[in-house]
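Here are the chains, one letter per residue:
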Amino acid sequence: PPALGLLALTVEGQKITAQVVDDKGRLWLREQAKSGGGEDDLKVKVFRLINDTVPMQVTTLVRLDVSGQGREIGLDDLLLPGAVPMQLDSRLPARLDLKGRLLIQARPGRWQVHITTRMPERIQKINIAKVPFGEEIWSFQPQHHLRIVELSGAPQEEPGQTEIPASWRRFAAYSISDGSTLMLKEI
């Protein structure tokens, strides 16, 4: 099944290092369904949706482009400081360890991991010391029936010009980089 963990294959005493499972989940013992192997490479893009509920919820979308061999990947600093994990959705086997590190048993392809967290305290400012995977795009989903908030401190982006999910494009988007501070002023 697609959610299968890492797979190692040995045929007649020789380790097979190329991709052995095709898109339909078939295991190929001799001829490969498609060329695989290559250099191990990983590209990570991070997007966040801040939902201004009580308590505030943050959905982190991690997009992974994996090439090379199947392997376990550890990603640090994905959760915001103080965030409490509530849900993890991934088509790859994945888990969060006690330090908030995301561990994924990755195989070649394009994958998405969704992490939903809640902020246990009222948030008026989010300081971002470092953004380990490059610039992030954050979307803000207001809840005007609870409170009206004005955001400042980070450059605003045109949502349609970003790679955020289509369902997030109706919300304001902000570009977050190292040292960014997003201020939430209650009106």
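Everything here concerns the structure above.
As the structure is a computational prediction, the values presented were derived from the model and not from experiment.

1. Some thoughts on the overall build of the protein
When helices and strands are counted, the protein shows 0 helices and 15 strands. Taking all 187 residues of the protein together, the buried fraction comes to 38%. Residue pairs at least 24 apart in sequence account for 68% of intrachain contacts in the protein once pairs closer than 6 positions are excluded. Carbon and sulfur atoms make up 48% of the accessible area of the protein, which totals about 11100 Å².

2. Looking at the pattern of salt bridges
By the definition in use, this model includes 10 salt bridges. Taking the shortest distance from any N to any O, the salt bridge between Arg147 and Asp52 comes out at 2.8 Å. Pair noted here: Arg147 is in the loop between β11 (136–141) and β12 (149–152) and Asp52 is in the loop between β3 (41–51) and β4 (57–67), with a separation of 95 residues, a long-range link. Residue class for Arg147 comes out buried when judged on its relative accessible area of 12%. In this structure, Asp76 and Arg101 form a salt bridge, with 3.0 Å as the shortest nitrogen-oxygen distance. You can see Asp76 sitting in the loop between β5 (71–75) and β6 (84–90) and its partner Arg101 sitting in the loop between β7 (94–96) and β8 (102–106), a full 25 residues away along the chain. Judged by its relative accessible area of 39%, Asp76 falls in the partly exposed class.

3. What to know about the pairing of β3
Where β3 meets β4, 11 bridges bridge the pair, whose relative direction is antiparallel. The residue bridging Asp41 from the neighbouring strand is Ser67, located in β4. The antiparallel pairing of β3 with β4 creates a hairpin that spans 5 residues between the two strands. In this sheet, β11 lies alongside β3 in parallel orientation, the contact comprising 5 bridges. Note on β11: the bridge partner recorded for Phe47 is Ile137.

4. A few points about the sheet that holds β6
One open sheet holds the 7 strands; their spatial order is β6-β9-β4-β3-β11-β14-β13, and the pairing between them is mixed. Each edge of the sheet is formed by a strand with only one pairing partner; in this case those strands are β6 and β13 (156–157). The pairing of β13 with strand β14 (residues 172–176) spans 2 bridges and is classified as antiparallel. Within β14, the position partnered with Gln156 by the bridge is Tyr174.

5. Quick notes on the side chain of Gln143
When you line up the elements, Gln143 lands in the loop between β11 and β12. At a separation of 2.7 Å, a polar atom in the side chain of Gln143 contacts the side chain of Asn51. Excluding residues within four positions of it along the chain, Gln143 makes contact with Asn51, Asp52 and Thr53.

Scoring rules and cut-offs
- Residues numbered from 1 in each chain as written.
- Predicted model: local features only at pLDDT ≥ 70, side-chain atom pairs only at ≥ 80, totals over all residues.
- Heavy atoms only, no water.
- Helix = DSSP H or I, 4+ residues; strand = E, 2+ residues; numbered from the N terminus.
- Buried < 20%, exposed > 50% of the residue type's maximum accessible area, 1.4 Å probe, protein only.
- Contact = heavy atoms within 4.5 Å.
- Areas by Shrake-Rupley, 256 points an atom, 1.4 Å probe, with all protein chains shown as cover.
- Salt bridge = Lys/Arg side-chain N within 4 Å of Asp/Glu carboxyl O.
- Pairing = 2+ DSSP bridges.
- Polar contact = N/O pair within 3.5 Å; in protein donor to acceptor, adjacent residues only side chain to side chain.

Read these as layout, nothing more, since geometry by itself doesn't imply function.
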